[in-house]
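Listed below are the residues making up each chain.
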Amino acid sequence: MADSPLARWRRRSLRFRLTALAAVALVLAFGVSASTLMMVLGRSLMDTVDETTRQHAQAVRAQADSGTLTDPITTQDGTIVQVIAANGRITHGTYGADRLVPLLPAHDRRRAQSHENARFRDGEPYGIPGPLRVVVVSGDDGITVLAARPVAEIEKSLIVAGRVLFVGTPLLVAFLAGASWLIIGRTLRPIAALRKGAAEITHTARSRRLPVPEARDEVHSLAVTLNDMLARLEGAESRQRALVSDAAHELRSPLASIRLQLEVALGHPEGQDWRETAEGVLEDTLRLSRLAEDLLALARLDERGGRLARNEPVNLDEVVRQVVERYGEARLTACEPVVVRGDALDLSRVLTNLMDNAVRHATGKVEVALRADGELTVSDDGPGVPEQDRERVFNRFTRLDDGRGRDEGGAGLGLAIVRETVRAHGGTVHLEDAAPGLRAVVRLPPAA
């Protein structure tokens, strides 16, 4: 099946299409301009002839009214004049003017007088080649003055002008189309540079960037935007590689522990306390399960790109009460009613992670408070976190020196999940000194 003209047109290069459209626009513009010019020029020349002829006719009428009209009438520019009496007889005329047949019949003379416009007349019957332009002026005592001038020269001038435009316009269009081809090519050169730069970026040259043109135009903005996108992709890839590396490192420890315990138990079955072995394997299995859940939660947050899984009204005070009830050592100091928009399960996970950290490090006191403005605080009286590390602990797989042991619990993903989830809900989270201990402060915007 043959391609349609539209399909072939779409396969053409952008440079060709822009140049073709510019050429078509130029042809239309020059065509309309040339037609308008010819019309205006012809109208202007005819108006000039009519005005000059009318002035001659009015001068002859003035002479006729004053009785000073000579016969024959003399004119300097070849204007033909006839003076017709009320009875229709030609009484005066210029040299060579017909004395028997008027330039215009009676009904044409009356129509020209009523509309005050000139008339065309064939000059052949009067021995004048080409058309005539006849003007009619009325005088006293019923006389009528007819004045006519040949317009063959005007028609020749218009024909010459038309030929010049007919030949010159295509040449001008061709010249401007060629200039458009060069200008468009030069304009698209930065885009070609962007394409070439993009083709050179591979998995082995991820840190390369696209060339940014000096001109502060749309192509410059496109290059900057694409470079920002490449930077974000590179950052996301780096975080992904770091996540995989850190996850593999975290998985290796419990797997190695499980393997060692099982190998020892199988190597010395007669002296092995199988209950103790099972408890150790179960503890490492639970650690693997928690790590898998955290990794899955982070993967879902990354997959959504900061968007909420559900966006619905949530009674945050009810979520806080349900979570705090699971921790016997925690005390709810304030729980004011507040409604936020988001995902109740994700918000419950946020508070659970904060509570796990607080209970793990507290020496005897964990307090939770919720205010009506959406501020949620979780405080403990533990050793706290140095001020220089309070931002770093929100990074993935970040644990301070006193929390690296297996018995201390998490893999350093809890606070990272908290920050990503809170950001997705349009809120903020930070750590501050509780004197003694540490306080985690979460601020969520209340629903309108």
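Scoring rules and cut-offs
Residues numbered from 1 in each chain as written. Predicted model: local features only at pLDDT ≥ 70, side-chain atom pairs only at ≥ 80, totals over all residues. Heavy atoms only, no water. UniProt positions renumbered as here; feature names shortened; annotations may be inferred. pLDDT = per-residue confidence, 0-100. Contact = heavy atoms within 4.5 Å. Helix = DSSP H or I, 4+ residues; strand = E, 2+ residues; numbered from the N terminus. Patch = residues over 30% accessible without salt bridge, like charges linked within 9 Å, V, L, I, M, F, W, Y side chains within 5 Å. Areas by Shrake-Rupley, 256 points an atom, 1.4 Å probe, with all protein chains shown as cover. Salt bridge = Lys/Arg side-chain N within 4 Å of Asp/Glu carboxyl O.

Per an unreviewed UniProt entry, the chain carries the name histidine kinase and comes from Nonomuraea dietziae. Comment text from UniProt for the chain, heading Subcellular location (unreviewed entry), reads "Cell membrane".

Engineer: Got a minute to help me understand the confidence of the model for the chain in this structure?
Structural biologist: A low pLDDT score tells you not to read the predicted coordinates there in detail. On average, residues of the chain score 81 in pLDDT, and 92% of them reach the 70 mark or higher. Low pLDDT, under 50, characterises residues 402–409; the stretch is placed with twelve contacts to residues that sit more than four places away or in other chains.

Engineer: Just checking my understanding: could you explain unusual backbone geometry for this structure?
Structural biologist: Note: most peptide bonds trans; most residues except glycine with negative phi. Residue P72 is bonded to the preceding D71 through a cis peptide linkage, with omega at 5°. Tracing the backbone shows P72 in the loop between α2 (14–66) and β1 (80–84). Here the residue pair A435 and P436 is connected by a cis peptide bond, since its omega of 0° sits within 30 degrees of zero. Structurally, the position occupied by P436 is in the loop between β11 (428–433) and β12 (438–443). For A435, which is not glycine, the phi torsion reads 45° and is therefore positive.

Engineer: How should a nonpolar patch on the surface be read in this particular structure?
Structural biologist: Taken together, the side chains of L6, W9, F16, L21, W181 and L182 define a hydrophobic patch exposed on the protein surface, amounting to about 570 Å² of accessible area. Among the secondary structure elements, those contributing two or more residues to the nonpolar patch are α1 (5–11), α2 and α4 (152–200). On the secondary structure map, F16 appears in helix α2.

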